Structure formats: structure tokens, C-alpha cells
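Breakdown of the fold
Chain by chain, the residues run as shown.
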Amino acid sequence: MKIRSLGLVSVVLVTSTSCGIQPRPVTPNEGRASIITREQIEKTGARTMWEALSRSVRYVRFQESGLGQPERIRRRGESSIVLSDDMPIYIDQVQVRQIQVLASLPARNIETIRILNGVDATTYYGTNAGDGVILIETVEAERR
């Protein structure tokens, strides 16, 4: 038998369900997150994503600058004196680094907002998500 190397590496992933081990999904199940629906967002009368978040997400402080621009998003109460308390936000699985952009995006584009607690957030998004993560799914992503 001849084996020829093509410079490619093959990885075989074997999962066994006989011992009860299941592979972790890419994102947590619906039951493990607080979910805010499109209908709930519409009831708030929000025009921008920032307004939708600040009016519908509980247990989170949405701080604005003196000019009314988004400044910080923090879980209520201090959780660490070492790590940043800012909660990461993802829109369609892409992290939003400049939260000021949320004030210019229309709320009508939001399909759902999911809020993960600290344990689930660190499992899926790393140690910088110790206070939780806000996941925004847009209507366009739902259609894909």
C-alpha cells in the first residue's frame, strides 16, 4: 500500500454517545438565554438598536455621554475589579467594538435579542464575557 503526502492534514473527529458525551453546539440552546422578541421591541417604541436595548434588556446599565451618545454597557453591580465590566455585543455573530454605532442602526431590523448569563457567555465567548453577552439577530440574518 502506497501513501502519498499531499501536504494536507486530515483531522478525524469521533464522538461517542455511548458514554453520554455530546459535542457542544456553536451557540447555546434557546432555553439557556433570556430572549426578547421583535414584538416586545416594537411595544417599547424604540427607533434605534440602542433604544431597543436600553428599553428592553433588564439588569444591565446603558450609560450615555452628556450628548446622549452610547458610552458603556455594564451588568448592574460590580463583578470584578480586574476585568472590564463592559458586556460584549454581537450582531449576527459579529462583535460590535464601537457601541456608538448602535445609535444609528434601526430597531426595526432586530429579529431577537438574546442575553446570556456569565457562565454561558464565558463558555461560548471567552473570559472577557464574564458579565454576560448580548446577541442581536437581525431580520436579514433570519432570512439567510
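It should be noted that the structure appears before, not after, this text.
Residues numbered from 1 in each chain as written. Predicted model: local features only at pLDDT ≥ 70, side-chain atom pairs only at ≥ 80, totals over all residues. Heavy atoms only, no water.

1. Some thoughts on the sheet that holds strand β5 (residues 94-96)
As summarised here, the arrangement of the 5 strands in space is β1-β6-β7-β4-β5, forming an open sheet in which the pairing is mixed. Looking at strand neighbours, the two that pair on one side only are β1 (34-37) and β5, the edges of this open sheet. Looking at each pair of strands side by side, their axes are set apart by 25° on average, direction ignored. Note: strand β6 (residues 110-116) against strand β7 (residues 133-138), 6 bridges, orientation antiparallel. Bridge pairing in β7 places Leu-116 opposite Val-133. Against the sheet, helix α3 (residues 118-125) makes contact with β4 (89-91), β6 and β7, and its axis sits at roughly 105° relative to β6, the strand it touches most. (Pairing = 2+ DSSP bridges. Helix = DSSP H or I, 4+ residues; strand = E, 2+ residues; numbered from the N terminus. Axes fitted to C-alpha atoms, helices over the stretch in contact; angles between N-to-C directions. Contact = heavy atoms within 4.5 Å.)

2. Notes on the pairing of β7
Within β7, 5 of the 6 residues are buried, which leaves the element mostly enclosed by the surrounding structure. Relative to β7, β4 is paired through 3 bridges, and the arrangement is parallel. Bridge pairing in β7 places Ile-89 opposite Ile-134. (Buried < 20%, exposed > 50% of the residue type's maximum accessible area, 1.4 Å probe, protein only.)

3. Quick word on the side chain of Thr-48
Examined against the element boundaries, Thr-48 turns out to sit in the loop between α1 (38-44) and α2 (49-56). For Thr-48, the contacting residues outside a window of four places in its chain are Leu-102, Ala-103, Leu-105, Pro-106 and Ala-107.

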